[in-house]
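# What the coordinates show
One-letter residues, chain by chain:
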Amino acid sequence: MYVLGKGERKLRIRLCETPRARRRAARERASEVLHLAENRATLVLACIASAVVSFASYFVAWAFALAVSELSCEDGFVLWLFTQLLTVVLLLLLAMPLWLGTYRLALRMVDARSFGMEDYFYYIKNSATYTRALGISARLLVRWIPAILGFWVLQLFFDYDLVGLLLACFFAVTVLLSLVFVGRLCGFVTMAIADSSLSLGKAQQRGAVIASGEQMSTLRFHFGMAWRMLLSLLLAGVPLILHTLPSSMLATACYVRRLSARDDILY
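Residues numbered from 1 in each chain as written. Predicted model: local features only at pLDDT ≥ 70, side-chain atom pairs only at ≥ 80, totals over all residues. Heavy atoms only, no water.

## A short note on a nonpolar patch on the surface
There is a patch of nonpolar side chains on the surface, built from Leu176, Phe223, Trp227, Leu230, Leu231 and Leu234 and spanning about 580 Å² of accessible area. Of the residues forming the nonpolar patch, the biggest block, 5 residues, is contributed by helix α10 (residues 215-236). On the secondary structure map, Phe223 appears in helix α10. Judged by relative accessible area, which is 43%, Phe223 ranks as partly exposed. (Patch = residues over 30% accessible without salt bridge, like charges linked within 9 Å, V, L, I, M, F, W, Y side chains within 5 Å. Areas by Shrake-Rupley, 256 points an atom, 1.4 Å probe, with all protein chains shown as cover. Salt bridge = Lys/Arg side-chain N within 4 Å of Asp/Glu carboxyl O. Helix = DSSP H or I, 4+ residues; strand = E, 2+ residues; numbered from the N terminus. Buried < 20%, exposed > 50% of the residue type's maximum accessible area, 1.4 Å probe, protein only.)

## Let's talk about the packing of aromatic side chains
Two numbers describe a pair of aromatic rings. These are the distance of the centres and the angle of the planes. What the rule picks out here adds up to 8 aromatic pairs. For the pair Trp80 and Trp152, a centre-to-centre distance of 6.3 Å together with 75° between the ring planes defines the contact as edge-to-face. With Trp80 in helix α3 (residues 76-110) and Trp152 in helix α6 (residues 145-157), the pair connects residues that are 72 residues apart, well separated along the chain. When its relative accessible area of 14% is taken as the criterion, Trp152 is described as buried. With a centroid separation of 5.9 Å and 50° between ring planes, the pair formed by Phe151 and Phe171 is classed as tilted. Within this pair, whereas Phe151 is found in helix α6, its partner Phe171 is found in helix α7 (residues 162-183), the two being separated by 20 residues in sequence. Residue Phe151 is classed as partly exposed on the basis of its relative accessible area, which comes to 37%. One aromatic cluster is present, built from ring pairs that chain together Phe77, Trp80 and Trp152. The residue whose ring lies beneath Arg104 is Tyr122, and the NZ or CZ to ring-centre distance is 3.8 Å. (Phe/Tyr/Trp six-rings, centres within 6.5 Å; stacked < 30°, edge-to-face > 60°. Lys NZ or Arg CZ within 6 Å of the ring centre and 35° of its normal.)

## Some thoughts on the pattern of salt bridges
Under the defined criterion, the tally for this structure stands at 4 salt bridges. Of the charged contacts in the structure, one is a salt bridge between Arg108 and Asp119, with a shortest N-O distance of 3.5 Å. Placement of Arg108 in helix α3 and of Asp119 in helix α4 (residues 117-120) is noted, with a sequence separation of 11 residues between them. Each member of the pair Arg108 and Asp119 is classed as buried. A network of salt bridges, in which partner residues are shared, links Arg104, Arg108 and Asp119.

This is the structure we're talking about:
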């Protein structure tokens, strides 16, 4: 809030913009932030480190299941399901705190605040922050269950025929459904990371207020980001995704900031 002088009234300015303009402005601001060399290098390195831990979680689960299969006579489906569940658990325990730390870096960049590697490792520095990261991750995981189940069904029954095409379409529908559910948490993750003193319940309430009346716009925003990341992965592989993923994190932070300011901004 900006005060002109003693006795002057505080100036309240209302920010009026269409949802489409808000999404475009968020992406443009994210591009400006990412354009700074220090920001780009930090986010790319953080994404690489988090991705390495994510892949390591999968390989640890696969190696453990392989060892179990050699020592037991369990059914192949049981071992496969055990591997999938173990992968999800390891991702939740090992990788998600680092991904949240990466988003914390992006949020501080958007807010033009100082940042460092202590922000990246923030959620593994002690038991309190680690527990908070698990709470945030659990809320997100629940909403990604449709996409996870769709992916498992695709893995189990996919074949290069009409059934395979139908299963691919089914998986796409489950991803869209998960994006709808995740969109309802728009603002929650940002609120929870921006203010560590805020309880997760309060953060979710504030996120719900921020996203009120913007469900369809938020869905389009998340779907657009997911589509860009998918195209970048299919067309150029890892090099381009290392640009698209940090850009998406910054765009999300910018979008939530603009959502929270859509009613009024105080100067």
